[in-house]
Structures are given as C-alpha cells and as structure tokens.
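# A closer look at the structure
Spelled out, the chains give:
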Amino acid sequence: MTELQGPDRFAGVETLDDLYAELKETGMGPGWNKPEPSLYPAPKKTFVPAHWSYKDARAALSVAGDLVSTELAERRNLILANPIPGNTYATTRTLVAAYQMVRGKETARSHRHTPNALRLVMETGPETYTIVQGRKYLMEPGDVLLTPNWLWHGHANESDTDAYWIDFLDAPLVQLLEPMFFEHFPEGIEKATEVALESPMRFAWKDTQARLGAAPLERGMRQVALGDAAGGSALDSIALAVQQIEPGAATPRRQTTANSIFAVMFGEGETEVDGEHFRWSRGDVFAVPSWRPFSHKAIGGTAHLLRVSDEPVMRMLNWLRETD
C-alpha cells in the first residue's frame, strides 16, 4: 500500500475493493459496508433466559466449604454466568448474581468497590451479620441488605450453622463503562461500632411481609418496591421489588427493556421467558434479559419473588420501554 496521505492516497483508486483496501490502512471503515448493522429495529437477543438451582448451589458450596477457605478466596461464591459463548461472568448484560456461603464461626474480610451490591438471605443461624461502614446489620432469611458503591462491607457468622445468601451486583455495567475500583480493608474485617436495627440498608422480611399484606391485589399479584424513603430505587443503578403471586395465579405477560434477575424467596412456580419454561423453587435464580417477554405462575401455594433490575439506568437514559 502507498505511504501517501490525503487526496494523493486515493488518487489511483478505481474499484470498491481498492477503496476498502486503502481505507483499512487508514484505520477507517466504510459505514455502508459494515459486517453487522450498528442500528437495528429492536433489541438483539444476545443474553439468553437461564435458570439456576439453589439445591445444586447449596450442595456445591457445602463441599467447597471443606476445600476453599476465606483466606484463599475473597468470597466463597458461585457465579451465575449466562450460558452464551465467551461469557464467564455476567448473568445479564448489566447484572451478575452469585450464591455465597459463610461457614459457622467464620468471617469474610471487608472490602469496597465501585459496583453497587445487595444480597438476599436464604439461610442463617443466630448472630449472622454483615458490617457496612462500621454498622452491624443482622441477616435473617428473607432479608435484603444493600451495600452501595464504595462502602466498606464484610460478613461474619458467629453461629454454628452455615449461612447462605444470593449476591447481586452491577459489576458488568461497571466493567463495560470502566470506572472499576476495588480495595481491601486494611485490618481484615471492619469492627462494628453499633447494631442497626432499622435502616434503609436493610429490608427485613417481616417488614416486607407487612407491606405486601397492605398492597393491592392486581391480576393475581401483590408487589412492593424496596427503595428509599422518597420512593426512589434502592441503589443508583438497581431497582428492587418483591412480588407475591397468589396460589394458582399467573401474572400477565410482560416485556421490558430492563434486564432482570429473579430470585425465589419462598414458594414454587413456573416462569415462561420468550417461549422457554423454568420450573422453580425456593432459592432458585433465573435471568430475564432485556426485551424477552415473560410471565410467572405460582404452583401449590403463594410464591414470593425478588426482582433485581437495571430499571433506574434505563429510565435515567430514557430507554425504558414496557408492554403488558
């Protein structure tokens, strides 16, 4: 190829193939001849609907407890990576979920990071807690606890019973945008200076139950948002909602540009996502990627789901579209 620049470089070009060859040397590409379109009429189906079993995760973590110490691993967890080619981390495009276990009489050191995080507690004994910015938050089954970005947080289990929960983070979004920072607490686990019995950082299951009891029943489901006192989302980039599906009820088919991860708090049921059917029970997790139509059905009794979504991001950028 010629070393010329500007008009002289393209002076001898007579065919499209010659033009493409010269353009390649300049680091530019013809917009009219892209390998793939950069704009398309509807969201691509890149991430797929997927389902993970709590029973499998619990059994695996129990074995891992004998093989992996918290000194070896920052967190003893199992990442729920969406089963698409090349992906080893994200559960949906912007969110990741993971099962975590802390053994009895064990601690998990404190750290902080720019991703926002939260956890849904599945099983604990007495005196299991997380420490966020020097405050102790008790962890009981059904509780949802927040760790907003760049706050120190660590975990401790003073009981004789192993504790299990599900973590959710917006780390894939942070990785995509690149403002990722992570730091270890210099003294292992942060010491708790006070116990926070009531706090916007902890949504106790008993309180959520009471709110659900007062919520209106609409098309077979009651729903409450877990957010701040002003009615905003729980975290800057993550919205949380608990859905109570009545026995035998099926929710309307819904479609949204928001990416969602659902975790089964209690009960059993089935979800259809874009033609795929997932039968679920307590502790299971399933992914509903952007613009995949879905509906839930409770089987055998009342079911409770936690929905974790990137709705605040979509709304802030005016990209949120929904259909019912």
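All chains use their own residue numbering, which begins from 1 and follows the written sequence. Totals for whole chains, interfaces and linings use every residue, but because this is a predicted model, local features are given only for residues with pLDDT of at least 70 and side-chain atom pairs only at 80 or more, for both listing and counting. Where side-chain values are given, they derive from all heavy atoms of the structure, hydrogens and water being excluded.

Note on pairing: two strands pair once DSSP finds at least 2 bridges between them. Helix and strand definitions follow DSSP, with helices as H or I runs of at least four residues and strands as E runs of at least two, each counted in order from the N terminus. For strand β6 (residues 128-132) and strand β7 (residues 135-138), the ladder comprises four bridges, and the chain directions are antiparallel. Bridge pairing in β7 links Y129 to L138. The hairpin turn running from β6 into β7, its antiparallel successor, is two residues long, and Q133 in that turn takes a positive phi close to 50°. Sheet analysis places β7 next to strand β12 (residues 194-195), joined by two bridges and oriented parallel. Bridge pairing in β12 links K136 to V195.

Spatially, β1-β20-β17-β22-β15-β14 is the arrangement adopted by the six strands of the open sheet, whose pairing is antiparallel. Edge positions in the open sheet fall to β1 (50-52) and β14 (221-226), since each of these has one partner strand only. This sheet shows a mean twist of 20° between the axes of neighbouring strands, independent of strand direction. In terms of strand pairing, strand β15 (residues 239-245) meets strand β22 (residues 303-309) through seven bridges, oriented antiparallel. Within β22, the residue paired with I245 across the bridge is A303. Contact definition: two residues touch when any of their heavy atoms are within 4.5 Å. For helices, the fitted line uses only the C-alpha atoms of the stretch in contact; every axis is such a line through C-alpha atoms, and the angle between N-to-C directions lies from 0 to 180 degrees. Here helix α4 (residues 205-214) sits on the sheet in contact with β14, β15, β17 (260-266) and β22, set at roughly 130° to β14.

Here is the rule: rings of Phe, Tyr and Trp (six-membered ring for Trp) pair when centre to centre is within 6.5 Å. Planes less than 30 degrees apart are stacked, more than 60 are edge-to-face, and the remainder are tilted. Within this structure, the stated rule accounts for eight aromatic pairs. Relative to Y164, the ring of Y54 has its centre 6.5 Å away and its plane inclined at 85°; by these criteria the two rings are edge-to-face. One end of the pair, Y54, is in helix α2 (residues 54-67); the other, Y164, is in strand β10 (residues 163-169), with 110 residues separating them in the sequence. Buried, partly exposed and exposed residues are distinguished by accessible area as a fraction of the type maximum, computed with a 1.4 Å probe on protein chains only: under 20%, between the cut-offs, and over 50%, respectively. Looking at Y54, the relative accessible area reads 7%, which means it is buried. On the numbers, 5.3 Å between centres and 15° between planes, the contact of F262 with F286 is stacked. Taken together, the residues span a long stretch of sequence, with F262 in strand β17 and F286 in strand β20 (residues 285-288) at a distance of 24 residues. As far as the burial class goes, F262 and F286 line up, both buried. Only when the NZ of Lys or the CZ of Arg is both within 6 Å of the ring centre and within 35 degrees of the ring normal is a charge said to sit over the ring. Here the guanidinium or amino end of K136 rests over the ring plane of Y129, the centre of that ring lying 4.2 Å away.

Pairing is antiparallel across the open sheet formed by six strands, whose spatial order is β2-β3-β10-β5-β8-β13. Lying at the two open borders of the sheet, with one neighbouring strand each, are β2 (77-79) and β13 (202-203). As defined by bridge partners, β2 adjoins strand β3 (residues 96-102) across three bridges and the pair is classed as antiparallel. Among the inter-strand pairings, I79 is bridged to a residue of β3, identified as A98.

Following the sequence through the fold, S260 ends up in strand β17. Under the relative-accessibility criterion, S260 is labelled buried at 0%. Discounting chain neighbours no more than four positions away, the residues touching S260 are T92, F286, A287, V288, R307, V308 and S309.

Among the buried residues, those of types Ala, Val, Leu, Ile, Met, Phe, Trp, Tyr and Cys that are joined through side-chain atoms within 4.5 Å form a nonpolar core. Counting 36 residues, the largest nonpolar core has Y99, L118, L120, F168, L240, V285 and L306 as the members making the most contacts within it. Each residue touching F168, except ones within four places of it in the same chain, is listed here: V96, A97, N116, A117, L118, L120, I261, A263, L306 and V308. Grouped together as the second largest cluster of nonpolar side chains are 14 residues, A249, F278, F286 and A298 included.

Salt bridges are counted wherever a side-chain nitrogen of Lys or Arg sits within 4 Å of a carboxyl oxygen of Asp or Glu. Scanning the entire structure with this criterion turns up 21 salt bridges. One salt bridge in this structure joins E140 and R202, with 3.8 Å as the shortest N-O distance. Of this pair, E140 sits in the loop between β7 and β8 (144-147) while R202 sits in strand β13, placing them 62 residues apart in sequence. Residue E140 is classed as partly exposed on the basis of its relative accessible area of 42%. Two residues, E246 and R222, come together in a salt bridge whose shortest N-O distance is 3.8 Å. Residue E246 is located in the loop between β15 and β16 (255-256), and its partner R222 is located in strand β14; the two are separated by 24 residues in the primary sequence.

Okay, the environment of A90 next. Relative to the helices and strands, A90 is located in the loop between β2 and β3. Classification of A90 as buried rests on a relative accessible area of 6%. Sequence separation of A90 and Q100 is ten residues, and the distance between their C-alpha atoms is 16 Å. Filtering out sequence-adjacent residues up to four positions away, A90 remains in contact with F47, L80, A81, N82, L95, V96 and P172.

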